[in-house]
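Given next are the chains, with one letter for each unit.
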Amino acid sequence: MRMAGMSEFEAKDDVPAAEAAPAVETRGAHRRHTRAPERLTSLTHETVGEIRCENPFVIAENVDVYYGTNHAIRNVSLEIGKEEVIALIGPSGCGKSTFLRCLNRMNDSIESARVTGRITLDGQDIYSKDLDPVALRARVGMVFQKANPFPKSIYDNVAYGPRIHGLAADRAELDDIVHTSLERAGLLQEVKDRLDEPGTGLSGGQQQRLCIARTIAVNPEVILMDEPCSALDPIATARIEDLIDELSQDYAIVIVTHSMQQAARVSGRVAYFHLGHLVEVDDTDRIFTNPQHKLTEDYITGRIG
Amino acid sequence: MSRQLTAERQLGTRRKVEAGLHRRHRRERLFQASGMLATGVGILFLCVFFYTLVGNGASAFVQTKVRLDVEFSREALAPDGELDLDYADFDAPVREALHELFPEATGRSERRELNRMLSIAAGYQVRELLLENPALLGETRELWVPAAANIDMLHKGSIERTLDPALRPVSDQQIAWTDALLEQGRLATRFNTALFSNGDSREPEIAGIKGALMGSFYMLVVTVLLAFPIGVAAAVYLEEFAPKSRWADLIEVNINNLAAVPSIVFGLLGLAVFINWMALPRSAPLVGGLVLSLLTLPVIIIASRAAIKAVPPSIRQAALGLGASRMQVVFHHVLPLALPGMLTGTIIGMSRALGETAPLLMIGMVAFIVDVPGGFTDPATALPVQIFLWADSPERAFAERTSAAIIVLLGFLLVMNLAAVIIRKRMERKW
């Protein structure tokens, strides 16, 4: 993997000068919330809108991802704040899930995947050789598209993370973690009498909330959600969205979604991906009311996607 | 116009589909009938197989015995006043008892013919009883002693009475005596305990499968202890850890090929490596187990890999996403979920090993061994080899014992496969 420990400047050497030069301008703070003079319609390597944010916690710089010869993510830079919900939207195959999986190095498990560029978590390069993905994933939790509880009891599902990381000193403390996590995930009332029943016996929405409880039991700093509601009915979806809202006070949340309404409801910022490019990033209300890029507008109005 | 055309076409479709339905139904019936025919032929062959097997072998589970009033006489057993368990003539009291039943047989050759009606096991029985209870000396007891194999065969109807006396192994006189004993209620069939408590023997009525069973048991113990952990470890490494490279592909192809290598080749390998090079003892269950381990390893690896592959990737991702290391993912999630499949594969591998004959011929487990093996390095034979040995024997009585041994072997295979099914059903978890 080429990228480990590589500095920003080295990474830029690979980018043709013509493209590298305006990047500085785009990412300048003075461009914040200024309307582009002309509506952009072409797919360039430049992201319009504002990739920066106040109090950045996760910073991705010039990230490229290749699956074998397939160039899945092209030169994506994005900052994610400490207490924000950012939604990644875009048509299928645009690379939003791939980008998400870069943030906790889940792409490591795909053998042909290669990530270049630089991603830092609280100032620490997450692709550095010194950083064990195990330690990273304890800090960056993930909730998957399809609820995937372990075929174990509800209790063991939530207790698994604390157990492998040795977070609880004794049984009482573990009980406490499990109860608190289930409560925060809004599941405790429904399951408190049957913690020893299999987690796979719950309904789809309950399973997904169990997965969220399992994730927050480890006390992560960032939670990645990959289309967490795509298999749920509207009621279960609404519950998860409320939950995201509550959790956003304590965690940075990155959510991939195909639902524009969901992005509008839960997120503070929205990043629009298209064919591996990060086309536009901005505050949610701006994206949905006044998108600057033609592709973004086409997508949110339903013309593509 | 266009609407009319569409309606016409719709009608045309309906007619054509309906016209073709008859032909489709006929083809379907034909296909189903041929499938049923194939299944029926298979079941028929199976029935014929079991019918002949049980027909031939069932009689071996009983043994013809003769009831005699045996006097443990001091004159015959202890002429010097002291019973010598090594040299005393234990056959004498039994023969004496038989002679008393037929006092008319006085000639030397007649007496010999009469003696030949009893198995040499009768003498052993007398010795055993005296060993157990020395106080019997001088007493008289009613004993059921085993008849000789030929009388056994005659009684079971395996020897044709109408055959030319020169061509059958029992004389007219012996037939007459047998009938006389039967008439007196002194000849009957009893459960053949010798079949299960004895090792091999040249005398069919004494020969048993215990030695072969124990040999097979020790071999399977070695095989399961070696092949299961190695096979599972190899499967886990290849499936979960090994980088996907040309080497991994090469190893995979080779494992698949190894599963198809004729078993006798493994026997030659075992002979060359374990016996010639490593100087392990010949005919030993240890070496047999090693060879069978090599033989079953590919089967176990392939089954275990399939079981690991069947674990949904979402479970691995969930664990990885929580920060579990790859080893924790394997040991906490993949192995427990894959275990039923692995065990099934192992048991099926074991049942293949239990039925394997050819490689054992190469490492000397085909020897004639009378003693029941008591350990991993004792000379032993195995159940299928015992079947092979008995099938080769000329005595008529070994024919039914061959079938009986096959029945026992099939019984064990059935039990093992049943265990595999039960384990799979009981341990299967839903996700």
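Residues numbered from 1 in each chain as written. Chains lettered and ligands numbered in written order. Predicted model: local features only at pLDDT ≥ 70, side-chain atom pairs only at ≥ 80, totals over all residues.

1. Thoughts on the overall build of chain B
Across its full length, chain B carries 17 helices and 3 strands. The C-alpha radius of gyration of chain B comes to 32 Å, more than 25% above the 22 Å expected for a compact globule of 431 residues. Based on the C-alpha atoms only, the size of chain B along its principal axes is roughly 115 × 60 × 35 Å. For chain B, with 431 residues in total, the buried portion stands at 36%. Restricting to contacts in chain B with at least 6 residues of sequence separation, those with at least 24 account for 76%. (Helix = DSSP H or I, 4+ residues; strand = E, 2+ residues; numbered from the N terminus. Rg over C-alpha atoms; globule rule 2.2 N^0.38 Å. Buried ≥ 20, exposed ≤ 12 C-beta atoms within 10 Å, placed from the backbone. Contact = placed C-beta atoms within 7 Å.)

2. Examining the overall build of chain A
Within chain A one finds 12 helices and 11 strands. Buried residues in chain A amount to 45% of all 305 residues. Of the contacts made within chain A by residues no fewer than 6 positions apart, 71% connect residues no fewer than 24 positions apart.

3. Some words on the pairing of strand β5 (residues 113-121) of chain A
Residues and elements named next belong to chain A. The pairing of strand β2 (residues 56-67) with β5 spans 8 bridges and is classified as antiparallel. In the sheet register, valine 58 faces β5, and the bridge partner there is leucine 121. Looking at chain direction, β5 and strand β6 (residues 124-125) are connected through 2 bridges and run antiparallel. Note on β6: the bridge partner recorded for leucine 121 is glutamine 124. From the end of β5 to the start of β6, which pair antiparallel, there are 2 residues, and aspartate 122 there has a positive phi angle of about 55 degrees. (Pairing = 2+ DSSP bridges.)

4. Describing helix α11 (residues 263-277) of chain B
Residues and elements named next belong to chain B. For α11, with 15 residues, the first-to-last C-alpha span of 20 Å sits near the 21 Å given by 1.5 Å per residue. Along α11, the sharpest change in direction is near 30 degrees and occurs at glycine 270. The complete set of buried residues in α11 reads Phe266, Gly267, Gly270, Phe274 and Ile275. Residues of α11 that are buried make contact with α12 (285-309) and α15 (358-362). After α11 finishes, the residue alanine 279 shows a positive phi value of roughly 60 degrees. (Expected span 1.5 Å × (residues − 1). Bend = angle between axes of the 7 residues up to and from the residue.)

5. What to know about the sheet that holds strand β2 (residues 140-146) of chain B
Strands belonging to one sheet form pairs held by backbone hydrogen bonds; the direction of such a pair is parallel or antiparallel. Residue and element names in this part refer to chain B. Ordered in space as β2-β1-β3, the 3 strands form an open sheet in which the pairing is antiparallel. Every interior strand has two partners, whereas the edge strands, β2 and β3 (187-191), have only one. Sheet twist, expressed as the average angle between the axes of neighbouring strands with direction ignored, equals 40 degrees. Judged from the 7 bridges that link them, strand β1 (residues 62-71) and β2 form a sheet pairing that is antiparallel. (Axes fitted to C-alpha atoms, helices over the stretch in contact; angles between N-to-C directions.)

6. A short note on the confidence of the model for chain A
Of the residues in chain A, 85% reach a pLDDT of 70 or more, and the chain-wide mean stands at 83. Note that residues 1-37 of chain A has pLDDT below 50 and, in this model, 39 contacts with residues that lie over four places away or in other chains. (pLDDT = per-residue confidence, 0-100.)

7. A look at the confidence of the model for chain B
In the predicted model, chain B carries a mean pLDDT of 91, and the fraction of residues at 70 or more is 99%. Scoring of the predicted complex yields 0.81 for pTM and 0.81 for ipTM.

8. Topic: the interface of chain B and chain A
On the side of chain A, 21 residues touch chain B, which itself brings 18 residues to the contact. Mapped onto the side of chain B that touches chain A, the elements with two or more residues apiece are α13 (313-321) and α14 (326-354) of chain B. Examining the composition of the side of chain B that touches chain A, we find that 6 residues originate from one element, α13 of chain B, more than from any other. Residue composition of the side of chain B that touches chain A, by class: 8 nonpolar, 7 polar and 3 charged. (Nonpolar A, V, L, I, M, F, W, Y, C, P; charged D, E, K, R; others polar.)

9. Describing unusual backbone geometry
Residue and element names in this part refer to chain A. Of note, the phi angle at asparagine 62 is positive, near 50 degrees, even though the residue is not glycine. Note that asparagine 62 resides in strand β2. Positive phi outside glycine occurs at arginine 105, with the angle close to 60 degrees. Secondary-structure assignment places arginine 105 in the loop between α3 (96-102) and β5.

10. Some points on the packing of α11 of chain B against α12 of chain B
Residues and elements named next belong to chain B. Interhelical geometry of α11 versus α12 gives an angle of 130 degrees and a closest axis separation of 9 Å. Of the possible angle classes, the one that applies to α11 and α12 is oblique. Classified by chirality, the crossing of α12 by α11 is right-handed. Taken together, the residues of α12 that come into contact with α11 (itself represented by Ser263, Phe266, Gly267, Leu269, Gly270, Phe274 and Ile275) are Val287, Leu290, Val291, Leu294 and Leu295. (Parallel < 35°, antiparallel > 145°, perpendicular 65-115°, else oblique. Left-handed = near helix turned anticlockwise from the far one by under 90°.)

11. Observations regarding the environment of alanine 319 of chain B
Residues and elements named next belong to chain B. For alanine 319, the position within the fold is in helix α13. Placed 11 residues apart in sequence, alanine 319 and valine 330 show a C-alpha to C-alpha distance of 9.6 Å. Every residue in contact with alanine 319, bar those within four places of it in the chain, is listed here: Ala324, Gln328, Val329, His332 and His333.

12. Digging into the environment of glutamine 173 of chain B
All names here are of chain B. Tracing the backbone shows glutamine 173 in helix α7 (residues 172-183). Among the residues examined, glutamine 173 registers 16 C-beta atoms within 10 Å and is labelled partly exposed. Linking glutamine 173 and glutamate 113, residues 60 residues apart in sequence, is a C-alpha distance of 8.2 Å. The residues touching glutamine 173, leaving out its near neighbours within four places in the chain, are Glu110 and Glu113.

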